[in-house]
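A look at the structure
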Amino acid sequence: MMKLRNILLCWGIILLIGCQKTEGGKFREETFTDIVRLKTTPVKEQGRSETCWAYAMLATIETEHLMQGDSVNLSAHYVSRMLMRERLTYYYLAGGKRRLSLRTMAPTLVRLIQQYGAEPFNTYGATSKVSYNALCRKAEQMARTCQSFRQLDDRFNALMDAEVGFLPKYVYMASAEYTPLEFAHSVCRKNEYQALTSYTHHPFFETFELETPDNTDHSAFLNLPIDTLMKAVDDALLQGHPVCWEGDISNKYFSFQHGRADLFLPSGNMQQLRQQAFERLSVTDDHCLCLVGIAEDQQGRRYYLAKNSWGTDNPYGGFVYLSADYVRLYTICVVLHYTVN
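Residues numbered from 1 in each chain as written. Predicted model: local features only at pLDDT ≥ 70, side-chain atom pairs only at ≥ 80, totals over all residues. Heavy atoms only, no water.

**Quick notes on the packing of helix α4 (residues 106-116) against helix α7 (residues 180-187)**
In contact at an axis separation of 7 Å, α4 and α7 are set at 135° when each is read in the N-to-C sense. Between α4 and α7, the angle falls in the class oblique. Residues Ile 113, Gln 114, Gln 115 and Tyr 116 of α4 touch α7, and the partners they reach there are Pro 180, Leu 181, Ala 184 and His 185. By residue class, the composition of the contact of α4 with α7 is five nonpolar, three polar and no charged. (Axes fitted to C-alpha atoms, helices over the stretch in contact; angles between N-to-C directions. Helix = DSSP H or I, 4+ residues; strand = E, 2+ residues; numbered from the N terminus. Parallel < 35°, antiparallel > 145°, perpendicular 65-115°, else oblique. Contact = heavy atoms within 4.5 Å. Nonpolar A, V, L, I, M, F, W, Y, C, P; charged D, E, K, R; others polar.)

**Let's talk about empty space enclosed by the protein**
Take a probe with the size of a water molecule and roll it over the atoms, and the empty space left behind shows itself. Counting across every chain of the model gives one cavity of 30 Å³ or more. Considering only enclosed or pocket space, the largest cavity measures out at about 100 Å³ in volume. What lines the largest cavity is a set of 15 residues, and nearest its centre among them are Tyr 55, Ala 56, Ala 59, Lys 307 and Ser 309. Within the residue set of the lining of the largest cavity, elements represented by two or more residues are α2 (52-67) and β10 (287-296). (1 Å grid on protein atoms, 1.4 Å probe; cavity = no way out; pocket = protein on both sides within 12 Å on 5 of 7 lines; lining within 4 Å. Points joined across faces, edges and corners; volume = space filled by probe spheres on them.)

**Describing the nonpolar core**
The nonpolar side chains of a soluble globular protein tend to be buried, and buried together. Residues Met 84, Leu 322 and Tyr 326 are the most contacted members of the largest nonpolar core, which totals 107 residues. Non-local contacts of Leu 322, meaning those with residues more than four positions away in its chain, are made with Phe 254, Ala 261, Leu 289, Leu 291, Arg 302, Tyr 303, Tyr 304, Ala 306 and Val 327. (Core = buried A, V, L, I, M, F, W, Y, C linked by side-chain atoms within 4.5 Å. Buried < 20%, exposed > 50% of the residue type's maximum accessible area, 1.4 Å probe, protein only.)

**Some thoughts on the layout of surface pockets**
A volume near 370 Å³ is recorded for the largest pocket. Considering the residues around the largest pocket, the lining is formed by 17 residues, among which Pro 107, Val 110, Arg 111, Asn 191 and Tyr 193 are closest to the centre. Mapped onto the lining of the largest pocket, the elements with two or more residues apiece are α4, β4 (193-197) and β6 (220-223). When residues of the lining of the largest pocket are assigned to their parent elements, the largest contribution, four residues, is made by α4. Counted as a void, the second largest pocket has a volume near 310 Å³. Lining the second largest pocket, in full, are Leu 83, Glu 86, Arg 87, Tyr 90, Tyr 91, Arg 98, Arg 99, Leu 100, Ser 101, Arg 111, Thr 216 and Asp 217. Considering each element in turn, the lining of the second largest pocket owes the most residues, five residues, to helix α3 (residues 76-93).

**Quick word on the pattern of salt bridges**
The full count for this structure, using the stated rule, is 17 salt bridges. For Arg 111, the salt bridge identified is with Glu 86, shortest N-O distance 2.5 Å. In this pair, Arg 111 sits in helix α4 while Glu 86 sits in helix α3, placing the two residues 25 residues apart along the sequence. Under the relative-accessibility criterion, Arg 111 is labelled partly exposed at 24%. (Salt bridge = Lys/Arg side-chain N within 4 Å of Asp/Glu carboxyl O.)

**Comments concerning the environment of Asn 308**
Relative to the elements of secondary structure, Asn 308 occurs in the loop between β11 (302-307) and β12 (319-323). Taking C-alpha positions, Asn 308 is 8.4 Å from Cys 52, a pair spaced 256 residues apart along the chain. Within the structure, the side chain of Asn 308 is placed 2.7 Å from the side chain of His 287, a separation counted as a polar contact. (Polar contact = N/O pair within 3.5 Å; in protein donor to acceptor, adjacent residues only side chain to side chain.)

**Topic: the environment of Pro 242**
Position of Pro 242 among the secondary structure elements: in the loop between α8 (226-238) and β7 (243-247). Sequence separation between Pro 242 and Leu 336 is 94 residues; the distance between their C-alpha atoms is 6.8 Å.

**Details of the pairing of β11**
With five of six residues buried, β11 lies mostly within the body of the structure. Taken together, β10 and the strand that follows it, β11, pair antiparallel across an intervening segment of five residues, in which Gly 300 is found at a positive phi of about 80°. Two strands pair when backbone bridges link them, and β11 and β12 are joined in this way by five bridges, in the antiparallel orientation. If you follow Ala 306 over to β12, its bridge partner there is Val 320. (Pairing = 2+ DSSP bridges.)

**With respect to the packing of aromatic side chains**
Counted under the stated rule, the structure contains twelve aromatic pairs. Seen from their ring centres, Phe 32 and Tyr 303 are 4.7 Å apart, and the 70° between their planes marks the pair as edge-to-face. One end of the pair, Phe 32, is in the loop between α1 (2-21) and β1 (33-37); the other, Tyr 303, is in strand β11, and 271 residues separate them in sequence. The exposure classification of Phe 32 matches that of Tyr 303, with both residues buried. (Phe/Tyr/Trp six-rings, centres within 6.5 Å; stacked < 30°, edge-to-face > 60°.)

If you want it as structure tokens, here you go:
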């Protein structure tokens, strides 16, 4: 009973702090000092599409290569097309009884490029403004009139060629010719990235399939105590490795408009707070970002610099500063370079 009382007290303080920080819908002006800021490709715009998982994980791979002195900029449209084709088959076989959607989690991106390859950003879909939500509805309508897999393939490819662009057969890079699969294996090796989470309904230091609606690929995550997970994130960034972050932004602490997510918690059992929020469905996996830096505000409080995929129209050119306590509470999972200790 005492533990429950302490948890409820902490949540009451959190709500009070949140009201103070966001009074009138405004965030206090803040100046940040970057402790570390990794190189990254230009901010992209996912538009009205459920593909943040692709943009964030590709940004992680791109930054990893830039920090190694290699220039790579990858197409989210290519992997989105591959996933859409997979899911359209299930939609067709299910007789249209479940809607076609591209919602998933960051590890799916790694699986897709290992299976189907990758394309550079400027060779496939670079100028496309397509909404994959609308495109899924078109594909559903098209699939309902198909009579075979071959017909489904032909019509799907015609639709995607018209809406996004024709698929290049080869990738040309540094005077060399690659297939998309050969190119993908040069930018993301098998088992190069590790997916981590932190919840107490499974044993720590073991892997499990995270029970979130977007884990449609049944991806497995290594379960760590939250302090251990946060140390892994810090170590990665300080060693020059980006981190793909997946968590909750549907709350009053996050504002893309202001480029901030401000939450400062009293001392308490963060592991219990996270678990309670997860079980009550008050923290959900609704967005992916790429963490590319660590910063401090004027009071010396830690923030993480995150690259978003909603364009550049905010004070930090499309980047967002997430307070350390915000990351501790609202993280669903992270994906980072496997060699990080």
